[in-house]
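Here's the letter readout for the chains.
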Amino acid sequence: MRGNRRRDTAPELALRSAVHGLGLRYLVASRPSGAERTADLVFPRAKVAVFMDGCYWHGCPEHFIPPRTNPDYWREKIERNSLRDRDTDAQLEQRGWKVLRVWEHEAALDAAGRVAAAVRSARR
Ligand SMILES: [Zn+2]
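Residues numbered from 1 in each chain as written. Predicted model: local features only at pLDDT ≥ 70, side-chain atom pairs only at ≥ 80, totals over all residues. Heavy atoms only, no water.

This next bit is on the overall build of the protein chain. A count of helices and strands for the protein chain gives three helices and four strands. Secondary structure elements in the protein chain, listed N-terminal to C-terminal, are α-β-β-β-α-β-α. Here the C-alpha radius of gyration of the protein chain, 15 Å, is about what a compact globule of 124 residues would show, namely 14 Å. Reported as C-alpha extents along the three principal axes, the dimensions of the protein chain are approximately 50 × 30 × 20 Å. Taken over 124 residues, the protein chain has a buried fraction of 40%. Here the analysis covers contacts within the protein chain between residues at least 6 apart in sequence; of these, 58% occur between residues at least 24 apart. For the protein chain, the accessible surface area stands at approximately 7400 Å², while carbon and sulfur atoms represent 50% of it. Of the side chains in the protein chain, 23 bear a positive and 16 a negative charge, and the two mean positions are spaced by 7 Å. (Helix = DSSP H or I, 4+ residues; strand = E, 2+ residues; numbered from the N terminus. Rg over C-alpha atoms; globule rule 2.2 N^0.38 Å. Buried < 20%, exposed > 50% of the residue type's maximum accessible area, 1.4 Å probe, protein only. Contact = heavy atoms within 4.5 Å. Areas by Shrake-Rupley, 256 points an atom, 1.4 Å probe, with all protein chains shown as cover. Lys, Arg positive; Asp, Glu negative; His and termini not counted. Charge placed at Lys NZ, Arg CZ, Asp CG, Glu CD.)

Shown next, in the form of structure tokens:
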């Protein structure tokens, strides 16, 4: 779904800057070891990968509304995206990574807090 994916959206930048503000350093738009997909924030030592999911393409329960034209087509498409997300999570988890998914609608500071907690607990 690379074609659908925009880089450096405002919510992504807000999350990065909030995580940075908590004193954490990370790789941006990098592939966690062996992953097929690029994660938005990667903490290689803690083995934490953060994906920010767009409300539309990833079927956010609060914001995804299928278009009026071809709603079934879209529902199926979003469903497939979501299955692929779960598959990515499973593959990374098998390799010892912790995967965090953040909705683009989440407040950056809240999401950053979750990221920081995951990274710190992984380092312990
Ligand atoms: Zn949403």
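The protein atoms donating to the zinc ion are Cys 55 (SG), Cys 60 (SG), His 63 (ND1) and His 105 (ND1), with metal-donor distances spanning 1.9 to 2.4 Å. Around the zinc ion sit four donor atoms, and with donor-metal-donor angles ranging over 103 to 121 degrees the site reads as tetrahedral. You can call His 63 partly exposed: its relative accessible area is 40%. (Donors = N, O, S within 2.8 Å, 3.2 Å for Na, K, Ca; no water. Tetrahedral: all angles 85-135°; square planar, octahedral: opposite > 155°, others 65-115°.)

Bringing the packing of aromatic side chains into the picture now. Under the counting rule described, the total for this entry stands at six aromatic pairs. Ring centres 5.3 Å apart and planes at 85 degrees place the aromatic pair Tyr 56 and Trp 57 in the edge-to-face group. Look at Tyr 56 and you get partly exposed, because its relative accessible area is 28%. Between Tyr 73 and Trp 74, the ring centres sit 5.1 Å apart and the planes meet at 85 degrees, which makes this aromatic pair edge-to-face. What makes Tyr 73 partly exposed here is its relative accessible area of 45%. Here the aromatic cluster, defined as three or more aromatic residues joined through ring pairs, consists of Tyr 56, Trp 57, Phe 64, Tyr 73 and Trp 74. Over the face of the ring belonging to Phe 51 we find Arg 101, whose NZ or CZ atom lies 4.4 Å from the ring centre. (Phe/Tyr/Trp six-rings, centres within 6.5 Å; stacked < 30°, edge-to-face > 60°. Lys NZ or Arg CZ within 6 Å of the ring centre and 35° of its normal.)

Glancing now at the nonpolar core. Counting 19 residues, the largest nonpolar core has Leu 15, Val 19, Phe 43, Val 48 and Val 50 as the members making the most contacts within it. Residue assignment for this core shows that the elements contributing at least two residues are helix 1 (10-21), strand 2 (39-43), strand 3 (48-53), strand 4 (98-103) and helix 3 (108-123). Sorting elements by how many residues they give to this core places helix 3 first, with six residues. Setting aside chain neighbours within four positions, we find Phe 43 in contact with Val 19, Leu 24, Arg 25, Tyr 26, Val 48, Val 50, Trp 97, Val 115 and Val 119. Ala 35, Leu 92, Trp 97 and Val 99 belong to the second-largest nonpolar core, a separate cluster that totals eight residues. (Core = buried A, V, L, I, M, F, W, Y, C linked by side-chain atoms within 4.5 Å.)

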